[in-house]
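Okay, here's what each chain looks like letter by letter:
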Amino acid sequence: STALPYPRELVTKLSELVINQPLYFNYPDNRSPCVVIRRGREIKSGAGPDKDVVAYSTQCTHMGCPVSYDQEAEAFKCPCHYSIFDPDNTGQMVIGQATENLPRIILEYDDAEDALMAVSIDGLIYGRQANII
Ligand code: FES
């Protein structure tokens, strides 16, 4: 494969995450906004000792608008054309104009450091031909 390798980057200490409160970061470079959320219950694709941490690109897969995390709805909402994405089901689009799930940031948990590390992405960041450019 000619694909460039993903960087392995610290997202946050797990202990710094508050349940259901989004923390924004960039990955795999500083032009790619992302969000990490500790859900407080086990998620199929969740990371960490409780398998409850998920992370996604915040660029909507429809036209790239920034989605935000609605803490009451517990869903990502796009302000441009009202797509909604599910954090607990691999970023799947629930309703709206988008045709792709939100790209999911693959996380690994470093127990010794209490560190959540971003290591890869499942899905293509909006507007890119490759995630690593
Ligand atoms: Fe998000 Fe259109 S850009 S729904």
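Refer to the structure presented above.
Parameters and conventions
- Residues numbered from 1 in each chain as written.
- Predicted model: local features only at pLDDT ≥ 70, side-chain atom pairs only at ≥ 80, totals over all residues.
- Heavy atoms only, no water.
- Pairing = 2+ DSSP bridges.
- Helix = DSSP H or I, 4+ residues; strand = E, 2+ residues; numbered from the N terminus.
- Axes fitted to C-alpha atoms, helices over the stretch in contact; angles between N-to-C directions.
- Core = buried A, V, L, I, M, F, W, Y, C linked by side-chain atoms within 4.5 Å.
- Buried < 20%, exposed > 50% of the residue type's maximum accessible area, 1.4 Å probe, protein only.
- Contact = heavy atoms within 4.5 Å.
- Phe/Tyr/Trp six-rings, centres within 6.5 Å; stacked < 30°, edge-to-face > 60°.

**Brief notes about the sheet that holds strand S5 (residues 68-70)**
- Spatial ordering of the open sheet is given by S5-S6-S7-S8, a layout of four strands whose pairing is antiparallel. Strands with a single pairing partner mark the edges of an open sheet, and in this sheet they are S5 and strand S8 (92-95). Going across the sheet, the axis of each strand differs from the next one's by a mean of 40°, ignoring polarity.
- In the sheet, S5 pairs with strand S6 (residues 75-77) via three bridges, with the strands oriented antiparallel. In the sheet register, Asp70 faces S6, and the bridge partner there is Ala75.

**As for the nonpolar core**
- Phe25, Tyr27, Val36, Val53, Ile105 and Leu107 are the most contacted members of the largest nonpolar core, which has 16 residues in total.
- Elements that contribute at least two residues to this core include exactly strand S3 (33-38), strand S4 (53-57), strand S9 (104-110) and strand S10 (115-122).
- Among the elements that line this core, the one with the most residues is S10, at three residues.
- Sequence-distant contacts of Leu107, that is, excluding residues within four places in its chain, are made with Val11, Val36, Ala47, Val53, Val54, Ala55, Met117 and Ala118.
- By size, the runner-up hydrophobic cluster in this structure holds 14 residues, among which are Ile37, Ile43, Cys65 and Leu102.

**What to know about the packing of aromatic side chains**
- Tallying each qualifying case throughout the model produces three aromatic pairs.
- Taken together, a centroid distance of 6.4 Å and an interplanar angle of 15° make the contact between Tyr6 and Tyr27 stacked. Note that Tyr6 is positioned in the segment before strand S1 (9-13) and Tyr27 in the loop between strand S2 (23-26) and S3, a separation of 21 residues in sequence.
- We classify Tyr27 as buried; its relative accessible area is 1%.
- Plain terms: the ring middles of Tyr56 and Phe76 are 5.5 Å apart, the flat faces sit at 70° to each other, and that makes the pair edge-to-face. In this pair, Tyr56 is assigned in strand S4 and Phe76 in strand S6, connecting sequence segments 20 residues apart.
- Taking relative accessible area as the criterion, Tyr56 reaches 0% and is therefore assigned buried.
- Following the ring pairs from residue to residue traces out a cluster consisting of Tyr56, Tyr69 and Phe76.

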